[in-house]
Amino acid sequence: MHKALDSNEIEQLRQFRFATKFESSELSIELNRLKDETELLRYLENLGPHIGSPNLKVTSSVFIKRYAFLAVIYSMHLLHGIKN
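Residues numbered from 1 in each chain as written. Predicted model: local features only at pLDDT ≥ 70, side-chain atom pairs only at ≥ 80, totals over all residues. Heavy atoms only, no water.

1. With respect to the packing of aromatic side chains
Argument step 1. Taken as a whole, this structure holds two aromatic pairs when the rule is applied.
Argument step 2. With centroids separated by 5.8 Å and ring planes inclined at 70 degrees, the aromatic side chains of tyrosine 43 and phenylalanine 63 adopt a geometry described as edge-to-face. Highlighted residues: tyrosine 43 in helix H2 (residues 37-51) and phenylalanine 63 in helix H3 (residues 56-83), separated in sequence by 20 residues.
Argument step 3. Exposure remark for tyrosine 43: the relative accessible area of 13% places this residue in the buried category.
Argument step 4. Phenylalanine 63 gets classed as buried once you look at its relative accessible area, which sits at 17%.
Argument step 5. Site record: aromatic cluster; members linked through ring pairs are Tyr43, Phe63 and Tyr67. (Phe/Tyr/Trp six-rings, centres within 6.5 Å; stacked < 30°, edge-to-face > 60°. Helix = DSSP H or I, 4+ residues; strand = E, 2+ residues; numbered from the N terminus. Buried < 20%, exposed > 50% of the residue type's maximum accessible area, 1.4 Å probe, protein only.)

2. A short note on the side chain of serine 53
Argument step 1. With respect to the helices and strands, serine 53 occurs in the loop between H2 and H3.
Argument step 2. Judged by its relative accessible area of 17%, serine 53 falls in the buried class.

3. Quick notes on the nonpolar core
Generally speaking, nonpolar side chains in soluble globular proteins are found buried as a group.
Argument step 1. Counting five residues, the largest nonpolar core consists of Leu34, Tyr43, Leu44, Leu47 and Phe63.
Argument step 2. Ranked by the residues each element gives to this core, the list is headed by H2, at three residues. (Core = buried A, V, L, I, M, F, W, Y, C linked by side-chain atoms within 4.5 Å.)

4. Some remarks on the pattern of salt bridges
Argument step 1. Using the criterion set out here, one finds two salt bridges in the structure.
Argument step 2. Note that glutamate 39 and arginine 33 form a salt bridge whose closest N and O atoms lie 2.7 Å from each other.
Argument step 3. For arginine 33, a relative accessible area of 38% gives the class partly exposed.
Argument step 4. Because the salt bridges share partners, they merge into one network encompassing Arg33, Glu39 and Arg42. (Salt bridge = Lys/Arg side-chain N within 4 Å of Asp/Glu carboxyl O.)

See below:
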């Protein structure tokens, strides 16, 4: 059974930029827009300067690593809910 995070778990995850409410920024983008190659390229070109990236390859690498981290957090949360 899926279990919601308690306040202690939420606080522990904040160090990884976990948020409990949506805050819009110029770097926010809907996931389905990233499927479009033009939109993805535009997003990465906008992201680069914000993260101090020297080029598109580095920006892409950092982006995919951060994005993959979200999948890991979600999976771990699901596994935690299963074992409890």
